[in-house]
Each structure stands twice: as C-alpha cells, then as structure tokens.
Amino acid sequence: MFSNRIQTLSESMTIAIATLAKKLKAEGKDIVSFSAGEPDFDTPLAIKKAAKEAIDEGFTKYTTVAGIPELLKAVAFKLKRDNNLVYSPNQILTSNGAKHSLFNLFQTVIDEGDEVIIPSPYWVTYPELVKYSGGKNVIIKTDDSSGFKITPTQLKEAITPKTKMLVLTSPSNPTGSVYSKEELEALADVLKDTDILVASDEMYEKLLYNDVKFTSTASINEDMFARTITINGLSKSVAMTGWRFGYLASNNAGLIKKMDDLQSQSTSNINSITQKASIVALMGDVDDEIESMRIAFEARMNEAVNLFNAIDGLSVVKPDGAFYLFVNIKAISGDSLEFCKQLLQDEGVAVVPGVGFGAEGYFRFSFATDIETIREGIKRIERFVQKR
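Worth saying up front: this structure is predicted, and the values here are computed from it rather than measured.

Criteria and cut-off values
Residues numbered from 1 in each chain as written. Predicted model: local features only at pLDDT ≥ 70, side-chain atom pairs only at ≥ 80, totals over all residues. Heavy atoms only, no water. Patch = residues over 30% accessible without salt bridge, like charges linked within 9 Å, V, L, I, M, F, W, Y side chains within 5 Å. Areas by Shrake-Rupley, 256 points an atom, 1.4 Å probe, with all protein chains shown as cover. Salt bridge = Lys/Arg side-chain N within 4 Å of Asp/Glu carboxyl O. Helix = DSSP H or I, 4+ residues; strand = E, 2+ residues; numbered from the N terminus. Buried < 20%, exposed > 50% of the residue type's maximum accessible area, 1.4 Å probe, protein only. Core = buried A, V, L, I, M, F, W, Y, C linked by side-chain atoms within 4.5 Å. Contact = heavy atoms within 4.5 Å. Pairing = 2+ DSSP bridges. Axes fitted to C-alpha atoms, helices over the stretch in contact; angles between N-to-C directions. 1 Å grid on protein atoms, 1.4 Å probe; cavity = no way out; pocket = protein on both sides within 12 Å on 5 of 7 lines; lining within 4 Å. Points joined across faces, edges and corners; volume = space filled by probe spheres on them. Nonpolar A, V, L, I, M, F, W, Y, C, P; charged D, E, K, R; others polar. Polar contact = N/O pair within 3.5 Å; in protein donor to acceptor, adjacent residues only side chain to side chain.

Q: For this particular structure, what's the right way to read a nonpolar patch on the surface?
A: A surface patch of nonpolar side chains, about 490 Å² in accessible area, is lined by Met1, Phe2, Ile6 and Leu9. Residue placement: Leu9 occurs in the segment before helix 1 (13–26). Residue classification places Leu9 among the partly exposed positions, given a relative accessible area of 35%.

Shown next as structure tokens:
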C-alpha cells in the first residue's frame with residue numbers, strides 16, 4: 001500500500017517527545033518540557049497588528065507562489081542590511097517554514113545516489129529529507145572537543161565524486177555552535193573548484209551570545225555566494241513558529257524558478273496574512289523586541305549552563321547561539337533514548353535524546369522557557385542522575 005519512498009521517512013523525534021509530554025500533561029501528570037524548539041514569548045504586537053489590518057482589508061486571496069512583491073523586497077532588504085547579501089526578488093522563494101524550504105531544495109536538486117554531507121549533531125529533519133529525495137547521507141561526526149564544528153580536513157575527506165551538497169547550520173540546532181568567519185573561509189577553500197552546493201540554515205542568526213558575531217555563509221566570497229542557498233525564517237528569533245514563514249535565496253534564479261514550480265504543484269503560496277505580517281519583522285520594525293528576547297535567552301542560558309555543570313556526571317559546552325544546550329551524559333548512560341524515557345517517566349522532565357540528532361551520549365535541553373521552569377527541570381534532572 002505504501003510507497004518505498006514514504007517508508008524511508010521517520011517521525012521527527014523532537015515532535016514525538018513534545019507530543020508525548022503534552023499527552024502526559026493532559027492526563028494530569030506533572031510534566032516540565034524542554035523538548036520543543038519554540039520560544040515562550042508572544043509574537044511582537046506590531047506583527048499581530050499588521051496581520052489584523054490585512055484581514056480587515058480583505059487580503060485573504062491567493063498570491064503569487066513565491067510571495068507578494070512587497071514581501072520579496074522585504075526579504076531582499078533584510079539580507080542586504082543584516083548579511084550584506086544582494087538578491088533580486090526573482091532569487092527568493094518564501095515557503096511554509098524552513099522545513100518546507102529544505103524540502104523544496106532537496107527535491108529539486110538531489111537525484112538518486114547523490115551524496116549530501118551533514119555534520120553531526122544535526123537537526124533531525126536533514127537526513128530524513130535527503131533519504132526521501134533519494135540521496136545518501138554522509139555524516140561527519142563532531143563532539144564537545146571541537147565545539148561541535150567540522151574541520152576543513154574532515155570536509156575534504158568526506159567529499160567524493162558523488163557529493164552534491166554540504167548542509168551547514170549556524171547557529172546550530174541542537175548544539176548552539178556558531179561558525180566564525182575564519183572557520184567558514186577555511187571550509188570555503190576546500191569547496192573551491194568543485195560543483196558542490198551549500199545549504200546554509202541560518203534560522204537562529206539573531207540569537208547569539210558571548211559577544212559572538214554572525215557571518216552568513218554566502219557572504220564569505222563570490223564563489224561561496226554562487227554555490228550557497230541561504231535558508232532562514234522568522235519562527236525562532238521573532239517568536240512566529242505558528243505563522244509558518246520561511247524563505248530561501250540563491251543567486252541562481254533558474255534554481256528558484258524550479259522550486260517555485262514544485263511549490264506551485266504542492267502548497268502554492270504561503271498564508272497571505274502571514275506574508276503581510278512578516279514584512280514588519282523583515283524591515284526591522286521589531287528589532288528592539290528581538291533584542292529583548294535575545295537578552296532573556298542569554299540570561300537563561302548562563303544559569304542553565306552553570307546548574308548543569310554543577311551536577312556530577314553531566315557536562316555541557318556553553319553555546320554561542322540558538323536556545324539549546326547539548327548535555328553530555330556519557331558518564332551516566334550510553335543510551336540516550338532510554339535515559340530520556342526514564343527521566344520522563346520518573347521525574348516528569350521531557351528532553352530529546354541525542355541519538356535523534358545523530359549523537360549518542362547527549363540530550364538536547366531547550367531553554368526557550370521561563371527561568372523558574374528551567375531551575376525546577378534541572379533540579380529534577382539532578383535528582384534523577386543522583387539515583388542512577
């Protein structure tokens with residue numbers, strides 16, 4: 001009954017854990033969840049106001065697939081202002097979040113047997129979409145010692161004649177690692193004189209800590225600009241997860257057109273109300289609110305790191321971005337799935353096992369929630385670890 005294609009696909013472990021936590025909570029169990037990558041802040045008022053105005057004005061019809069002209073211009077404005085990247089509207093496609101953008105990209109460029117290099121730990125969706133598209137995942141493993149970042153040597157060794165793409169995520173989900181300009185330049189040197197594409201997921205670019213500066217992969221040099229597809233959105237930094245707004249940009253207008261064709265036969269345009277509301281965020285009207293959220297996240301991160309590193313048997317590298325801690329449990333358990341299931345059962349704490357991100361011996365802890373909940377959750381985790 002089912003296609004071979006769909007049977008290669010697994011459910012997202014992050015969504016599965018979050019769903020289970022919500023189910024247990026609905027049953028009356030005392031659950032604190034750190035599994036979902038979703039800010040606890042509300043969408044800024046100016047964005048909601050723009051959405052309401054769009055509804056009142058009757059902006060509720062189909063639009064062009066890629067997005068209305070004002071929206072595409074706003075994306076181009078954001079990329080020039082923040083990242084020093086110059087794209088025209090026909091080099092931009094808006095979609096229903098980063099997952100949708102990645103789906104469009106992989107389905108458009110990956111053929112059966114093409115290899116896609118993915119650093120591990122990785123966002124759970126990358127390898128699943130590569131498999132679904134007929135590609136082969138080539139995983140480069142990293143760990144705490146390298147700050148969860150690949151080296152030029154590792155990249156060079158992973159490249160074969162079948163390599164089609166490298167997926168880079170900075171800041172990273174799940175580790176919070178951020179590639180510096182110098183590190184990106186070193187990786188760019190390896191890719192020079194190849195035809196390898198780079199999918200650069202920059203969803204968390206606004207959420208940076210420790211005075212770290214963000215560098216967009218496509219901004220490194222002309223060669224990287226030509227080979228890089230920049231993927232971004234507003235879900236995380238602007239607390240717009242439910243609005244479903246993502247976009248990608250490439251200097252190859254022909255590639256954008258092919259993805260536009262694919263989207264025209266699947267979802268067509270994204271929600272018209274979301275398009276109007278997103279312009280406000282892209283044009284910088286809520287930058288102050290974004291900065292307020294970032295400051296709050298940094299304070300939560302610093303406290304959570306200190307609390308975790310005070311627990312015997314656990315350790316965590318302080319992240320430079322995003323809103324996750326990737327906690328090392330190797331001294332306690334070699335089975336992160338069993339550890340997380342038992343933690344949820346015994347202490348009512350939901351975190352995501354590292355094995356889902358391609359890295360056994362860790363769990364992902366989202367600090368995108370209030371500080372009191374973070375303190376309570378880590379206290380329960382400490383109690384659980386002490387019993388083991």
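That covers the picture; the talk isn't over yet.
Q: Teacher, can you tell me more about the nonpolar core here?
A: Nonpolar side chains in soluble globular proteins tend to end up buried together. Counting residues in each nonpolar core, the largest one holds 99 residues, and the members touching the most others are Leu105, Phe308, Leu325, Phe363 and Phe365. Looking at this core, the element that brings in the most residues is helix 11 (residues 287–309), giving seven residues. Not counting the four nearest positions on each side in its chain, Phe308 is found in contact with Leu314, Val316, Leu325, Val327, Phe363, Phe365, Ile378 and Ile381. Membership of the second largest hydrophobic core comes to 18 residues, among which are Leu166, Leu168, Leu184 and Ala188.

Q: Explanation requested: the sheet that holds strand 8 (residues 246–249) in the structure shown.
A: Each strand in a sheet pairs with its neighbour through backbone hydrogen bonds, running either in the same direction (parallel) or in the opposite one (antiparallel). One open sheet accounts for seven strands, arranged 2-8-7-6-5-3-4; its pairing is mixed. Both edges of this open sheet fall to strand 2 (92–95) and strand 4 (136–141), since each of them pairs with a single strand only. Adjacent strand axes in the sheet meet at a mean angle of 20 degrees, parallel and antiparallel pairs treated alike. Bridge analysis of strand 2 against strand 8 gives four bridges, and the strand direction is antiparallel. Following the sheet pairing, Ser95 is matched in strand 8 by Gly246. Helix-sheet contacts for helix 9 (residues 253–264) involve strand 2, strand 7 (228–233) and strand 8, and the interaxial angle to strand 2 is about 25 degrees.

Q: Would you explain the layout of surface pockets in this entry?
A: There is about 940 Å³ of room inside the largest pocket. For the largest pocket, the lining is made up of 40 residues, of which Ser35, Ala36, Gly37, Glu38 and Lys236 are closest to its centre. Its residues assigned to classes, the lining of the largest pocket comprises 16 nonpolar, 15 polar and nine charged.

Q: Mind showing me how you'd approach the side chain of Ser177 here?
A: Here Ser177 is to be found in the loop between strand 5 (163–169) and helix 7 (181–191). In this structure the side chain of Ser177 is engaged in a polar contact, spanning 3.0 Å, whose partner is the side chain of Thr175. Each residue touching Ser177, except ones within four places of it in the same chain, is listed here: Gly147, Phe148, Lys149, Thr169, Ser170, Pro171 and Ser172.

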